Structures are given as structure tokens and as C-alpha cells.
Amino acid sequence: MPELPEVETVARELRAVLPGKKIRSLELYWEKTFEHQDAPPLPGQRFGTIGRQGKYLLLNLDKSVLVIHLRMTGQLLARRSGQQARHSHDRVRFLLDDGLELIFRDSRKFGRIRHVLSAEPLLRKLGTDAMDQKLTAALFGSMLQKSAMNIKAFLLSQKYIAGLGNIYVDEALFLSALHPLTPAREVSGAEPLFNNIRLVLQRSIDNMGSTISDYRNTKGNEGLNQRYFNVYGRQGLPCKKCGGPIEKIRVAGRGTHICPRCQQRGKT
DNA sequence: CAGAGCACCTGTGGGC
DNA sequence: TGCCCACAGGTGCTCT
């Protein structure tokens, strides 16, 4: 489900509730969700800062860190404990002090919580976060130049830029009038594409993310940004720029939404 | 190294 | 209504 804006929304909300709270215990309802690696026990540890890189959430503790990836359908819910019955999709429950609980809910069971001493080895394989100020249009342009991949596959790969997924790639390519099969090194307008990626992500962050079906924030609420899609999920509907029909094709193994008139190969 | 195919899972919606 | 298939905000593995 979630891409950068959804994970950022969750991170911001967790920053308001978790720091300083102590973990009393945890309950595991689906073993594979939780990977305890080389870290000291969780009970007794307190939450510190909450970070994010790409689609990974980083919940720092006194002596270790919880690295969480929501994958397709994961949700993190923060609420008062004991108020609501367990949901059939709940996979992990952290009981905190102050009468709070943190629930990891995930219908498809793809999501992962890794408890490790350091997130460093994991993050080393990840590219720079798409919203990181250290990432500039010039740096982005030089990465494009070195790649033979098509632009959609390039943007979906998390090793160059981290955080983009299927929705926001399609939206950014539409705004940039780029066909998803255009080879990355042939993209002539690196700067407009870079700016459109930022625009699409920032607008969604401002709207608390996009909800297609499963995404919820930590309070269980849906995002609002799906109202502003130009192409994602709009196959058969008129393009907002030219009025022609939006098409759905397959690129890099993913359903891909384009306006074939506005986004032509080899043209920007 | 790039790309395809499949694996991991469950739920939903379309076609018949 | 019911059955079957394809597909879904992601990633990681194997094989070519």
C-alpha cells in the first residue's frame, strides 16, 4: 500500500505519541511479521526519535531500533489499550505504559517489523530519500544519465531514490509528459521530472496520503490525496489535460496508467 | 547487471 | 448467487 507520503504521515503521527513511552510487552499473532535479530529484549525499553527513509519507518529505542515496512496492506494504529476487540488482521500488539497500545495490522501479511541493534546495514542498500534536501535536480540528473533502465523501473527501484511506488511514479511521469518506457538516460528534462516528483509527493503529504482501499493513518483514518490523481486508477476516463482516454498498460510488471497522447516515447 | 517470473498472502471485483 | 481468475500502494529471490 503505502509509499513515501503515507509512511511520512504515519511517522509524523507517531512522533506525537511514542517518544518517551515504555514498552511493557508485545503479543505476536503472526510469527513471520516480526523478525527479532541481534537486539536486546524489547520490554522495558523506551521509544526515542522516529525516523523514516523511503518507505521504512525507524522507531528508535534506548538500545535498539524497530525497522518497519508496511508493504502492501500494513497499518500502524496507536490508541488507548483495552478499548477495542482484537481484529482478525492484527499481527503484532505492543503494550505501552500510560495505557497506550501500538497495533500492527496487515491483511496480506507482507509487512515486516525487524528488531535490530542498528538499521545501518539495511539502509545502506537504500537510495537517498526522495524528499531529502541533499538530493538535488543535478544529482538526480546524473543518476539518470548512468542508467539503461526505463524511467518507470528506475523510479520504482529503491536503490537510486527511495520512497516512490506505483501511484506516484505514474503521477509524476504524467505531469512530466514522459512515457514510462523512455530509457532513463534519454530523459531530457531531469529538472522538470525532479520538480514534479517533489510536487506530487508534497501534495500527498499535505493531504495525509492516498487511500485506495487499505491505507489508514495511526488513528484509523483514510488519506485524502486520491481525489487529486490525474492518471492512477483513471483508465477509460478523460485526461485532464487533453480530454483523451487514460489507458492502462503493463510496464516493469506493474499496472501503469498513462495518457497516450500527452505521454509519448522520446518526447518531453 | 537488467528483466522476467515467481513467491509471499488475502481480499475484492469482474466475467460468465 | 457462485465459481474462477486476475489483480492489488512492495520487495526479494532465482534464473536467464
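Heads up: the structure comes first, above all this text.
Residues numbered from 1 in each chain as written. Chains lettered and ligands numbered in written order. Predicted model: local features only at pLDDT ≥ 70, side-chain atom pairs only at ≥ 80, totals over all residues. Heavy atoms only, no water.

**A short note on helix α5 (residues 166–175)**
Most of α5 sits inside the fold, with 9 of its 10 residues counted as buried. Turning to α5, its buried residues are N166, I167, Y168, V169, D170, E171, A172, L173 and F174. Looking one or two places after α5, you find A177, whose phi comes out positive at around 55 degrees. (Buried < 20%, exposed > 50% of the residue type's maximum accessible area, 1.4 Å probe, protein only. Helix = DSSP H or I, 4+ residues; strand = E, 2+ residues; numbered from the N terminus.)

**Considering the protein's contact with DNA strand B**
Around DNA strand B sit W30, K32, H89, S107, R108, K109, F110 and M149, and that is every residue in its neighbourhood. In the model, a base oxygen of DNA strand B is placed 2.8 Å from a nitrogen or oxygen of the R108 side chain. K109 is positioned with one of its side-chain polar atoms (N or O) 2.6 Å from a phosphate oxygen of DNA strand B. Residue composition of the surface near DNA strand B, grouped by class: 3 nonpolar, 2 polar and 3 charged. (Near = heavy atom within 4 Å. Polar contact = N/O pair within 3.5 Å; in protein donor to acceptor, adjacent residues only side chain to side chain. Nonpolar A, V, L, I, M, F, W, Y, C, P; charged D, E, K, R; others polar.)

**Some thoughts on the environment of G82**
Here G82 lies in the loop between β6 (74–80) and β7 (90–96). Considered as a pair, G82 and C239 are 157 residues apart in the sequence and their alpha carbons are 48 Å apart.

**Brief notes about empty space enclosed by the protein**
Counted under the stated rule, the structure contains 1 cavity of 30 Å³ or more. Put simply, the largest cavity is a space of about 50 Å³. Counting residues per element, the ones that place at least two in the lining of the largest cavity are α5 and α6 (190–206). A per-class count over the lining of the largest cavity returns 4 nonpolar, 1 polar and 2 charged. (1 Å grid on protein atoms, 1.4 Å probe; cavity = no way out; pocket = protein on both sides within 12 Å on 5 of 7 lines; lining within 4 Å. Points joined across faces, edges and corners; volume = space filled by probe spheres on them.)

**Overview of the packing of helix α1 (residues 4–17) against α6**
Running from amino to carboxyl end, α1 crosses α6 at an angle of 40 degrees, the nearest separation of the two axes being 9 Å. The angle between the axes of α1 and α6 places the two elements in the oblique class. The element α1 and its partner α6 pack so that their crossing is right-handed. Contact with α1, carried on its side by L4, P5, E6, E8, T9 and R12, involves L201, S204 and I205 of α6 and no other residues of that element. Residues of the contact of α1 with α6, tallied by class, amount to 4 nonpolar, 2 polar and 3 charged. (Axes fitted to C-alpha atoms, helices over the stretch in contact; angles between N-to-C directions. Parallel < 35°, antiparallel > 145°, perpendicular 65-115°, else oblique. Left-handed = near helix turned anticlockwise from the far one by under 90°. Contact = heavy atoms within 4.5 Å.)

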